[in-house]
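# What the coordinates show
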Amino acid sequence: MQDGIALTTLDEFLNWGRKNSLWPMTFGLACCAIEMMATGAAKYDLERFGCGAFMATPRRADLMIVAGTVTLKMATRVKLLYEQMAEPKYVISMGSCANKGGPYWQHGYHVLKGVDEVVPVDVYVPGCPPRPEALIEGVMTLQKKIANERLLRDKWVKHA
Amino acid sequence: MLNELVSKINSAVSGANASLLTPEDSKLESSILVDAKKIHAVAEFLKKSKIMNALQAISGVDYVEFIEVVYIFGNFDIANPGQLLLKARITDRVNGNIDTISDLFPAADYQERECFDMLGITFNNHPDHRRILCPDDWEGFPLRKDYVAAKNYNGMEVFPEGKMNMADREFIVRQEMIKKAQEAQSGKVQ
């Protein structure tokens, strides 16, 4: 297809680019992080969906996968890391602990009852821990969400 | 064998008051109870006489009447392998303190910090006496029987009502009852 022309809207083009180059942050808290590592490794290969470039700094990442138990001590750090990420930024809450406190939800004096208490969450992935397929499903759900955003028309007010 | 060791400790360290603790269940391991003030001397004796050459763990138990510090020593010498449970009891819940043995066994450093973090026992002469697991501004010692879970920490709600199963809040109710009882008691003292 030489000198071909493809027609699309600018929104769709930008979203297509953004959703297929999600850079997650290298950030694991507990056993869910082991599954997250498995998801990124060769067998499940998150890279197939344009989401495998785990960044070692929040400044370059635009997706935070909260994988594991968020203790009260860690919660302040999670919030700080989230604030350091550049807009637009997304959060996947992975596993029961990050969703609603998990096994610590009733008696855990030291566990935050869901990471959504401190940062806004886009996609919840249930499971204890979720299988790599479940995390991939979560990432693909987030990609669908990004594909439907209208970055140019709507003022960016999501995290205001 | 433990009886021999008890008499050895008593003759080597004056005032150690070593005695054998035998649990009711014969399958469980017997242990040696020593005076908390002499724990450093006893550990020094165990190390210098080469009866034990390693510290495996330090843990603590709150028995309400007293707090027990449990030292698990090991001897990894092939000629004379063995393990020893050494216990010391602290009755003062507020100012309870015991000497550190981290100068003899460096492994004791973190273990003693954890013991302080969870049960509030002060270890005298410890090189780095801070909390190790809980944040530095944490209130209370979580493994104590009379610990009351905080409702808020740094502006975060620990038990948000919307997320709790409020029909089953025995735990919180019990904590509140303990707190009320404590307040009533402290009111009487004043």
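Conventions adopted
Residues numbered from 1 in each chain as written. Chains lettered and ligands numbered in written order. Predicted model: local features only at pLDDT ≥ 70, side-chain atom pairs only at ≥ 80, totals over all residues. Heavy atoms only, no water. Helix = DSSP H or I, 4+ residues; strand = E, 2+ residues; numbered from the N terminus. Rg over C-alpha atoms; globule rule 2.2 N^0.38 Å. Buried < 20%, exposed > 50% of the residue type's maximum accessible area, 1.4 Å probe, protein only. Contact = heavy atoms within 4.5 Å. Areas by Shrake-Rupley, 256 points an atom, 1.4 Å probe, with all protein chains shown as cover. Lys, Arg positive; Asp, Glu negative; His and termini not counted. Charge placed at Lys NZ, Arg CZ, Asp CG, Glu CD. Arc of directions from axis to C-beta. Pairing = 2+ DSSP bridges. Right-handed = clockwise from strand over helix to strand, strands pointing away. Domains from an automatic or database assignment. Axes fitted to C-alpha atoms, helices over the stretch in contact; angles between N-to-C directions. Expected span 1.5 Å × (residues − 1).

Looking now at the overall build of chain A. On a plain count of helices and strands, chain A comes out with five helices and three strands. Tracing chain A from N to C terminus, the helices and strands come up as α-α-β-α-β-α-β-α. Relative to the compact-globule value of 15 Å for 160 residues, chain A shows a C-alpha radius of gyration of 17 Å, a close match. Considering only C-alpha atoms, chain A reaches an extent of 65 × 40 × 25 Å along its principal axes. Every one of the 160 residues in chain A was classed for burial, and the buried ones make up 43%. Nonlocal contacts in chain A, meaning residues at least 24 apart in sequence, comprise 77% of its contacts between residues at least 6 apart. A total of about 8500 Å² of accessible surface is found on chain A, and carbon and sulfur atoms cover 59% of it. If the 19 positive side-chain charges of chain A are averaged to one point and the 16 negative ones to another, these points end up 6 Å apart.

Before going further, it helps to spend a moment on the overall build of chain B. When helices and strands are counted, chain B shows four helices and nine strands. Of the regular secondary structure in chain B, the N- to C-terminal order runs α-β-β-α-β-β-β-β-α-β-β-β-α. Principal-axis analysis of the C-alpha atoms places the extent of chain B at approximately 60 × 35 × 35 Å. Counting over 190 residues, chain B shows a buried share of 39%. Long-range pairs, those at least 24 residues apart, make up 48% of the contacts in chain B with a sequence separation of at least 6.

Residues and elements named next belong to chain B. Regarding helix α1 (residues 2-12), the residues found buried are L2, L5, V6 and I9. Buried residues along α1 cover an arc of 105° about the axis, so they all sit on one side. More than 90 degrees from the buried face of α1, the exposed residues found are N3, E4 and S11. Buried residues along α1 sit in contact with β1 (19-21), β2 (31-34), α2 (39-48) and β5 (82-90).

This next bit is on the pairing of strand β2 (residues 90-94) of chain A. Regular strands have side chains that alternate between both faces of the sheet. All names here are of chain A. In terms of burial, β2 is largely enclosed, as five of its five residues are buried. The two faces of β2 match: Y90, I92 and M94 on one face and V91 and S93 on the other face are all buried. Strand direction decides the pairing type here: strand β1 (residues 63-67) and β2, joined by five bridges, are parallel. Along β2, the bridge assignment pairs L63 with Y90. In this view, the connection linking β1 to its parallel neighbour β2 by way of helix α3 (residues 72-84) has right-handed handedness. Of the pairings in the sheet, the one linking β2 to strand β3 (residues 123-125) comprises three bridges and is parallel in character. Each residue of the ladder has a partner; that of M94, found in β3, is V125. In this fold, β2 hands off to helix α4 (residues 95-100), which returns the chain to β3; that crossover is right-handed.

What follows concerns the domain arrangement of chain B. What the domain assignment lists for chain B is domain 1 (2-147) and domain 2 (160-190). Placing the centre of domain 1 of chain B and that of domain 2 of chain B at their C-alpha centroids yields a distance of 32 Å.

It is generally the case that most residues other than glycine have a negative phi and that most peptide bonds are trans. In this structure, P88 of chain A follows E87 of chain A across a cis peptide bond, with omega equal to -10°. By the element assignment, P88 of chain A lies in the loop between α3 and β2. Between C128 of chain A and P129 of chain A the backbone carries a cis peptide bond, its omega angle lying at -15°. Structurally, P129 of chain A is set in the loop between β3 and α5 (132-147). You will see that N17 of chain B, though not glycine, has its phi angle at about 50°, which is positive. Structurally, N17 of chain B is set in the loop between α1 and β1. With relative accessibility at 54%, the residue N17 of chain B sits in the exposed group.

Residue and element names in this part refer to chain A. Judged by pairing direction, the sheet is parallel, and its three strands sit side by side in the order β1-β2-β3 without closing on themselves. Each end of this open sheet is capped by a strand with a single partner; those strands are β1 and β3. On average, adjacent strands in this sheet sit at an angle of 20° to one another, irrespective of strand direction. Packing against the sheet, helix α2 (residues 31-40) makes contact with β1 and β2, and its axis sits at approximately 130° to β1.

Attention now moves to α3 of chain A. End to end, α3 of chain A covers 19 Å across 13 residues, agreeing with the expected 18 Å (1.5 Å per residue, within 8%). Those residues of α3 of chain A that are buried are in contact with β1 and β2 of chain A together with β8 (152-153) and β9 (156-157) of chain B.

This part takes up the environment of V125 of chain A. All names here are of chain A. Of note, V125 is situated in strand β3. Distance in space between the C-alpha atoms of V125 and G28 is 15 Å, their sequence separation being 97 residues. Setting aside anything within four residues of it in sequence, one finds V125 in contact with I92, S93, M94, G95, N99, P130, A134, L135 and G138.

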